[in-house]
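# A closer look at the structure
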Amino acid sequence: MTKYNKPSYKSKNAEERKQEIDNAMQLVEQGVKEFLTSERYATVLKNISKFHNYSFNNTILIMMQCPAASYVASYPSWKKNFNRFVTGGSKGIKILVPVEYKIYKDKVDPETKEPIVDDKGNCIKEYSGQKGLAFKIGNVFDISQTQQIEGKEIIPLDFGIDELNDKVSNYRELLKAVVDVAPVPVDFLEISNGAKGYFSPAENKIVLQFGMSELQTLKTAIYETAHAILHNTDKLKALKQENIEFSRDDKETQAESVAFTVAYHYGLDTSDYSFPYVASWAGDSEKINANMKYISEAADQIIVGMDKSLELSLSKGKDKSKELLVEADNELEK
């Protein structure tokens, strides 16, 4: 039977940990400069698609250390969740792990308003009700660095559904998933001005041009859903928790980049359409970099929602999108 051994790590002191985090952040900065150019933008978004549940900075760190990575998890996760062990001698891919901590303050006498001290004269501390956020270095390993544990159940890894073509496999399930995750209703209509679709904040709905190809319909549905998530005032505040006004360049860069990222996650290649479009709005890598946080957050939100919908649809055979298309047919026949 194959044996596996837990890698041994030498504990680091606070100064060494800080240096390690500083080095990681330098890698992030280097990665941004190296990858966020018009030629490498596809690489960035494809990796965000693969690692959509990781932050943008951690995606860059994974790319810089292991460009061929396809599926990463921590050492305990490989063993516990996938019945796989990390092979001996494997070098961990370092990521930044957020650590929440409680903030304490001096306990104050409610009457005198003076700090309360113990018998040694030290101020007694109490929880302030607030929390702070710090970072530590963690390690993940790519699937290529692992092996199946003999005698254990083989756990299939979810890399998404089969590769799709212009005539899209599971088209109706995918369309249903986009409709389900959209924060506003979705209609299919004949759009007179030639647009493929639009999101209307005033009408609180997404409209898609009826009769487009399956690939174009899905890509446009994801694109308009990204607009509805990122550029709807209430949804925007919930996602960003910031009061920032995006320019038209920002909005188009974000929505098309999200569309490419989500489509790529499900095997759809829209690069021929998406990248000339993004380039025309972004102009340079600085604008792409400035928007990457919102692109990765919105893409993750859509992918997580679509995955849940697909799991239900593919298992129960529900097809809400078919009803939408039938309704669209009926509207056009009127």
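Residues numbered from 1 in each chain as written. Predicted model: local features only at pLDDT ≥ 70, side-chain atom pairs only at ≥ 80, totals over all residues. Heavy atoms only, no water.

A few words on the sheet that holds strand β1 (residues 72-74). Across the sheet, three strands lie side by side as β1-β4-β3; this open sheet has antiparallel pairing. Since the sheet does not close on itself, it has two edges, and those belong to β1 and β3 (93-106), each with one partner. Each strand of the sheet is rotated relative to its neighbour by a mean of 30°, with strand direction disregarded. Sitting on the sheet, helix α3 (residues 56-65) is in contact with β1 and β3, with an inclination near 145° to β3. (Pairing = 2+ DSSP bridges. Helix = DSSP H or I, 4+ residues; strand = E, 2+ residues; numbered from the N terminus. Axes fitted to C-alpha atoms, helices over the stretch in contact; angles between N-to-C directions. Contact = heavy atoms within 4.5 Å.)

Moving on: helix α8 (residues 248-265). Taking 1.5 Å of rise per residue, 18 residues should cover 26 Å, and α8 covers 26 Å from first to last C-alpha, within 8% of that figure. Taking burial as the measure, the 18 residues of α8 include 14 buried ones, the bulk of the element. Immediately downstream of α8, the backbone of glycine 267 shows phi near 90°, a positive value. (Expected span 1.5 Å × (residues − 1). Buried < 20%, exposed > 50% of the residue type's maximum accessible area, 1.4 Å probe, protein only.)

What follows is about the packing of aromatic side chains. Evaluation of the coordinates by the stated rule reveals six aromatic pairs. An angle of 50° between the planes, with centres 6.0 Å apart, marks the rings of tyrosine 71 and tryptophan 78 as tilted. Relative to phenylalanine 82, the ring of tyrosine 71 lies with its centre 5.9 Å away and its plane at 85°, an arrangement referred to as edge-to-face. Taken together, the residues span a long stretch of sequence, with tyrosine 71 in the loop between α3 and β1 and phenylalanine 82 in helix α4 (residues 75-82) at a distance of 11 residues. On the accessibility criterion, phenylalanine 82 (12% relative accessible area) is buried. Grouping aromatic residues by their ring pairs yields a cluster made of Tyr71, Trp78 and Phe82. One Lys or Arg, lysine 102, reaches over the ring of tyrosine 127 and ends 5.0 Å from the middle of that ring. (Phe/Tyr/Trp six-rings, centres within 6.5 Å; stacked < 30°, edge-to-face > 60°. Lys NZ or Arg CZ within 6 Å of the ring centre and 35° of its normal.)

So, about the confidence of the model for the protein. Model confidence for the protein is summarised by a mean pLDDT of 77, while 70% of its residues fall at 70 or above. Within the protein, strand β8 (residues 205-209) carries the highest mean pLDDT (93), whereas helix α7 (residues 233-240) carries the lowest (52). Segment residues 1-10 is flagged for pLDDT under 50; beyond a separation of four residues in sequence, or across chains, it makes 14 contacts in the model. With pLDDT under 50 throughout, residues 159-165 is counted as low confidence; its partners more than four residues away or in other chains account for 15 contacts. (pLDDT = per-residue confidence, 0-100.)

The next point concerns the pattern of salt bridges. According to the stated counting rule, one finds seven salt bridges in the structure shown. The shortest N-O distance in the salt bridge between lysine 176 and aspartate 180 comes to 2.4 Å. One end of the pair, lysine 176, and the other, aspartate 180, are both in helix α5 (residues 171-181), four residues apart, so they sit about a helical turn from each other. Judged by its relative accessible area of 9%, lysine 176 falls in the buried class. Taking the relative accessible area as the measure of exposure, aspartate 180 reaches 32% and is therefore partly exposed. One network of salt bridges, in which partners are shared, links Asp187, Glu203 and Lys205. (Salt bridge = Lys/Arg side-chain N within 4 Å of Asp/Glu carboxyl O.)

Taken together, three strands build an open sheet; the order of strands is β6-β8-β7 and the sheet is mixed. For this open sheet the edge positions go to β6 (186-189) and β7 (197-200), each flanked by a neighbour on one side alone. On average, each strand axis in the sheet is tilted by 20° relative to the strand beside it, whichever way the strands run. In this structure, β6 lies alongside β8, joined through four bridges in parallel fashion. When the bridges of β8 are listed, aspartate 187 appears paired with valine 207. Along the sheet face, helix α6 (residues 214-230) touches β6, β7 and β8 and points at about 160° away from the line of β8.

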